[in-house]
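Reading the structure
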Amino acid sequence: MIAEISGKVNRQNTNLSELSEDELTGNFFGSLRYIPFDKGMKNILKNSIRPVELQSFIDEIHADYWDQNLFLWKKVNVNGKSIELDVQMDFPSVIIGIEVKYYSGLSSEDEKNMEDISAENSNNQLSREARVLRAVGSDKKKLLLLLADDSACVKTIKNVKTVDGVQLGYLSWQEILVQLKKLTDLNDFEQLIVSDLIELLEKKGFSRFTDFKMDMQDISNTDYWHFDLPSHNYNFSFDFDTLIREDYYEFG
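Notes on the structure follow.

What counts and how
Residues numbered from 1 in each chain as written. Predicted model: local features only at pLDDT ≥ 70, side-chain atom pairs only at ≥ 80, totals over all residues. Heavy atoms only, no water. Helix = DSSP H or I, 4+ residues; strand = E, 2+ residues; numbered from the N terminus. Buried < 20%, exposed > 50% of the residue type's maximum accessible area, 1.4 Å probe, protein only. Contact = heavy atoms within 4.5 Å. Areas by Shrake-Rupley, 256 points an atom, 1.4 Å probe, with all protein chains shown as cover. Pairing = 2+ DSSP bridges. Axes fitted to C-alpha atoms, helices over the stretch in contact; angles between N-to-C directions. Polar contact = N/O pair within 3.5 Å; in protein donor to acceptor, adjacent residues only side chain to side chain. Parallel < 35°, antiparallel > 145°, perpendicular 65-115°, else oblique. Left-handed = near helix turned anticlockwise from the far one by under 90°. Nonpolar A, V, L, I, M, F, W, Y, C, P; charged D, E, K, R; others polar. Right-handed = clockwise from strand over helix to strand, strands pointing away.

Here the focus is the overall build of the chain. Each helix and strand counted, the chain has eight helices and five strands in total. Element order for the chain, N to C, with α for helix and β for strand: α-α-α-α-β-β-β-α-β-α-β-α-α. In the chain, buried positions account for 41% of the 252 residues. By sequence separation, contacts in the chain at least 24 residues apart represent 65% of the contacts at least 6 residues apart. As displayed, the chain offers around 16,000 Å² of accessible surface, 48% of which is attributable to carbon and sulfur atoms.

Structure, rendered in structure tokens:
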């Protein structure tokens, strides 16, 4: 992680790519397991999870050291098929599965002409993982989460068939970054871990727009004020077939 923050990892490295979901998964969850669950991950999950009604699942989890509850890329066999969960958190009363995405979409989805397919037969990646979670979760409460970019979360899960006994929700990297910055009551060592993760997610481009910063003095909070816009409208169109990253371009 430190090497990536420092720019030592380049895109030509086939074993550790900046675009690797596995690398991002390992960096994030692998680092947070060094911080007690109740001080770190619990607050992040509870305040990032959507819909907010799912916060009740997180409320009942209490743990200090929790590495024994965390499993990354665990393969589970169900009905003769092996399915890998990116993240599994297994607590006494709640089991949580997390599918982690960076820029890619789901590995499998149902055909558009299969609207009537049941959740039990759906080929959608999240539906399949929900069935796995149900199989391994025994009598525990079961929660399956998609962790992805802000723009992808809602549209990705809206067509997922709901599996009985498993609640479906999502987290966004942008909201997780916000919640990382709100963590308190950390010692120096824990704060160092969180600071590194904040810098990592910012470098990944997950900073969310929050406000306009204007150098304006003596703005009254009682008087009305407004912006004057030009009377002419100008339309600009920039069409590109190539995706550009990490470079800056100016159009004049």
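Overall, mixed pairing links the five strands, which are arranged β1-β2-β3-β4-β5 in an open sheet. The strands lining the two open edges of the sheet, one partner per strand, are β1 (70-78) and β5 (167-172). Adjacent strand axes in the sheet meet at a mean angle of 40° when their direction is disregarded. Pairing of strand β3 (residues 94-100) with strand β4 (residues 141-148), which is carried by seven bridges, proceeds in the parallel orientation. Directly across from I95, in β4, lies its bridge partner K142. In this fold helix α2 (residues 21-32) packs onto β1, β2 (81-90), β3 and β4, with an angle of close to 125° to the strand it touches most, β1. The strands touched by helix α7 (residues 173-180) within the sheet are β3, β4 and β5, with β5 carrying the most contacts at an inclination of about 70°.

Summarising the element assignment, S48 is placed in helix α3 (residues 41-48). Separated by 2.8 Å, the side chain of S48 and the backbone oxygen of I44 make a polar contact. Excluding residues that lie within four positions of it along the chain, S48 makes contacts with Y170, L171, E175, I176 and Q179.

With respect to the helices, strands and loops of the structure, E202 is situated in helix α8 (residues 188-203). Classification of E202 by relative accessible area gives partly exposed; the value is 35%. Through-space distance from the C-alpha of E202 to that of W173 is 10.0 Å; in sequence the pair is 29 residues apart. Beyond its immediate stretch of four places on either side in the chain, E202 contacts L177, K181 and S207.

It is worth spelling out the packing of α2 against α8 at this point. Following both chains from N to C, one finds α2 and α8 inclined at 160°, their axes separated by 10 Å at the closest point. Here α8 runs roughly antiparallel to α2, going by the angle between their axes. Pair α2 / α8 crosses with left-handed handedness. Seen from α2, the contacting residues are L24, N27, F28, S31 and L32; seen from α8, they are I193, L197, L200 and L201. Taken together, the residues of the contact of α2 with α8 break down into seven nonpolar, two polar and no charged.

Right, let's talk about unusual backbone geometry for a bit. The omega torsion across R50 and P51 is -5°, close enough to zero to call that bond cis. Turning to its location among the elements, P51 is positioned in the loop between α3 and α4 (55-59). Backbone geometry places W73, a non-glycine residue, at a positive phi of 55°. Structurally, W73 is set in strand β1.

We now examine the pairing of β5. Pairing between β4 and β5: six bridges, direction parallel. Its bridge partner being in β5, L145 is matched across the sheet by G169. Viewed along the sheet, the connection from β4 through helix α6 (residues 150-157) into β5 turns out right-handed.

Take it as geometry only, folks, not as evidence of what the structure does.
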